[in-house]
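A closer look at the structure
The primary structure of each chain is shown beneath.
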Amino acid sequence: MSTTDQVAANVPAAELNTYLFIAAVLFVCGIVCMATKRNAIGVLMGVELVLNGANLNFVAFARFTRLGLDGQVVSLFVIVLAAAEAAIALAIALNFYNNHLTIDVDRADELKG
Amino acid sequence: MIWTLGAAAEAGEPGLWAKFLGLLASVVDAVAWPFHEGTVYVFGAMAVACAIAVVVSQNVVRMAFWLILSLAATGALFFSLNADFVGAAQLLIYVGGTLVLLIFGVMLTASGPFLQIKAKPGEMVLAGVVGMALLGVILSSAISVDWDKHAPSPEKAVGIGFNSPAEGNTTRELGMKFLGANPKDIGSQKATLSPGYLLPFEIVSVHLLVVLIGAAYLARAKRQKAPVVDPT
């Protein structure tokens with residue numbers, strides 16, 4: 001095990017699999033949140049959880065693999081795009097609320113053919 | 001009572017104040033850099049538990065609260081991964097910006113006849129089963145990979161002007177990446193340039209500007225229009 005001897009100088013406190021586990025739980029919680037919530041803002045929170053889990057994966061791979069700093073750059077892009085997405089989705093939700101007096105996504109079926 | 005306390009503080013009781021400062025310093029010391037081994041698990045458990053609470057709770061305001069805690073714990077995990085700039089950006093933009101936006105959305109829409117919108121219990125059970133299956137698939141595929149093969153090479157190129165990892169070494173390198181340069185290219189004899197992220201950075205910044213203008217246009221207060229007269 002020469003590789004373990006080489007990286008023994010900077011032994012990580014927790015292994016990559018720990019972060020992968022946390023990120024997977026965040027991702028699945030976001031998916032379930034998107035699927036079950038009928039409130040449009042609840043669905044938006046599920047999207048935020050999914051993006052956050054993916055972000056945690058990117059940063060963990062940046063630390064523990066040869067991906068290097070590029071993973072952190074991608075996670076910064078994800079954070080900015082999540083902010084933009086939240087702004088535009090909230091504007092749409094407010095418009096929908098002004099027109100329908102509810103943000104139940106099950107009632108947003110007027111475009112159905 | 002308060003007056004006597006204030007008088008005591010005015011008269012300067014150095015013992016009390018020093019004791020308080022010492023307590024504060026010890027508390028800061030306990031949670032500060034470098035992260036102890038257990039801190040990662042504490043924040044990881046906090047992120048996971050708060051994410052599950054977001055799914056389980058039915059009230060939108062409580063969901064927002066649990067989401068704040070989950071995102072903040074994830075930011076702490078970023079710090080533990082030596083990603084200090086990303087952790088700070090997570091706390092500033094996500095927790096400080098996006099979540100405030102979400103809470104404003106909750107407050108602007110949480111009135112009216114549909115305050116509590118609940119899913120049916122059968123749907124929750126079905127979603128839980130599907131979610132556990134998805135979690136099993138993701139975890140089994142993640143564990144089956146041997147990540148040690150992709151471990152980073154031990155020698156890290158840290159040039160002059162770049163801090164040590166203990167002080168947070170990512171900010172300057174991230175800035176150079178966004179400017180389209182790679183710190184490893186400095187002083188190297190080869191005339192090759194690593195690809196940077198200048199173009200994606202510009203695209204994202206213009207995208208953010210356009211999206212914010214569009215959001216302000218969509219969510220603006222509608223003026224009462226004069227009734228349109230049919231020209232025919």
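From a predicted model like this one, the values you see are computed outputs, not experimental measurements. (Residues numbered from 1 in each chain as written. Chains lettered and ligands numbered in written order. Predicted model: local features only at pLDDT ≥ 70, side-chain atom pairs only at ≥ 80, totals over all residues.)

**Some remarks on the overall build of chain B**
The cut-off we apply is this: Secondary structure follows DSSP: runs of H or I at least 4 residues long count as helices, runs of E at least 2 residues long count as strands, and numbering of each begins at the N terminus. Three classes are used. A residue is buried when 20 or more other C-beta atoms lie within 10 Å of its own, exposed when 12 or fewer do, and partly exposed in between, with C-beta atoms placed from the backbone. Once C-beta atoms are placed from the backbone, any two residues with those atoms within 7 Å are in contact.
Looking only at helices and strands, one finds 8 helices and 0 strands in chain B. In chain B, the succession of α and β elements from N to C terminus is α-α-α-α-α-α-α-α. Burial analysis of chain B (232 residues in total) assigns 20% to the buried set. Across chain B, every contact between residues at least 6 apart in sequence was considered, and the portion connecting residues at least 24 apart equals 43%.

**Considering the overall build of chain A**
Within chain A one finds 4 helices and 0 strands. Along chain A, helices (α) and strands (β) appear in the sequence α-α-α-α when read from the amino end. Of all 113 residues assigned to chain A, the portion counted as buried reaches 51%. Within chain A, residue pairs in contact and separated by at least 24 positions form 50% of the contacts whose partners lie at least 6 positions apart.

**Thoughts on the interface of chain B and chain A**
Note the threshold: Charged residues are taken to be Asp, Glu, Lys and Arg, nonpolar residues to be Ala, Val, Leu, Ile, Met, Phe, Trp, Tyr, Cys and Pro, and polar residues to be all remaining types, Gly included.
In this assembly, 72 residues from chain B lie in contact with 67 residues from chain A. When residues in the side of chain B that touches chain A are grouped by element, the largest group, 13 residues, is from helix 5 (residues 84-109) of chain B. Of the residues belonging to the side of chain B that touches chain A, the class tally is 50 nonpolar, 17 polar and 5 charged.

**Here we look at the confidence of the model for chain B**
So the rule is basically this: pLDDT gives the predictor's per-residue confidence on a scale running from 0 to 100.
Per-residue pLDDT for chain B has a mean of 79; in total, 70% of the residues score no lower than 70. Among the scores for the predicted complex, ipTM is 0.86 and pTM is 0.78.

**A look at the nonpolar core**
As a reminder, the rule being used: A set of buried Ala, Val, Leu, Ile, Met, Phe, Trp, Tyr and Cys residues, joined through C-beta atoms within 7 Å, is what we mean by a nonpolar core. For the domains described, the bounds stem from an automatic or database domain assignment.
Judged by nonpolar contacts, the single largest core of 69 residues is most densely connected at Leu26(A), Cys29(A), Ala60(A), Val54(B) and Leu77(B). For this core, the secondary structure elements donating two or more residues are helix 2 (16-36), helix 3 (40-64) and helix 4 (70-100) of chain A together with helix 3 (37-56), helix 4 (60-80) and helix 5 of chain B. Here this core spans two domains, since at least three of its residues come from each of domain 1 (19-138) and domain 2 (163-219) of chain B. Not counting residues up to four positions away in its chain, the partners in contact with Leu77(B) are Ile22(A), Leu56(A), Val40(B), Phe43(B), Gly44(B) and Ala47(B).

**Here's the deal with the packing of helix 4 of chain B against helix 5 of chain B**
Residue and element names in this part refer to chain B. Stated precisely, the cut-off is as follows: To get an axis, fit a line to the C-alpha atoms, keeping to the stretch in contact for a helix; angles then go from 0 to 180 degrees between the N-to-C directions. The scheme is simple: roughly parallel for angles under 35 degrees, roughly antiparallel for over 145, roughly perpendicular for 65 to 115, oblique for anything else.
Running from N to C, helix 4 and helix 5 point in directions that differ by 175°, and their axes come no closer than 8 Å. The orientation of helix 4 with respect to helix 5, classified from their angle, is roughly antiparallel. Each of Val60, Val61, Ala64, Leu67, Ile68, Leu71, Ala72, Thr74, Gly75, Phe78 and Phe79 in helix 4 lies in contact with helix 5, whose residues at this interface are Asp84, Val86, Gly87, Gln90, Leu91, Tyr94, Val95, Leu99, Leu102, Ile103 and Val106. For the contact of helix 4 with helix 5, the per-class residue count stands at 17 nonpolar, 4 polar and 1 charged.

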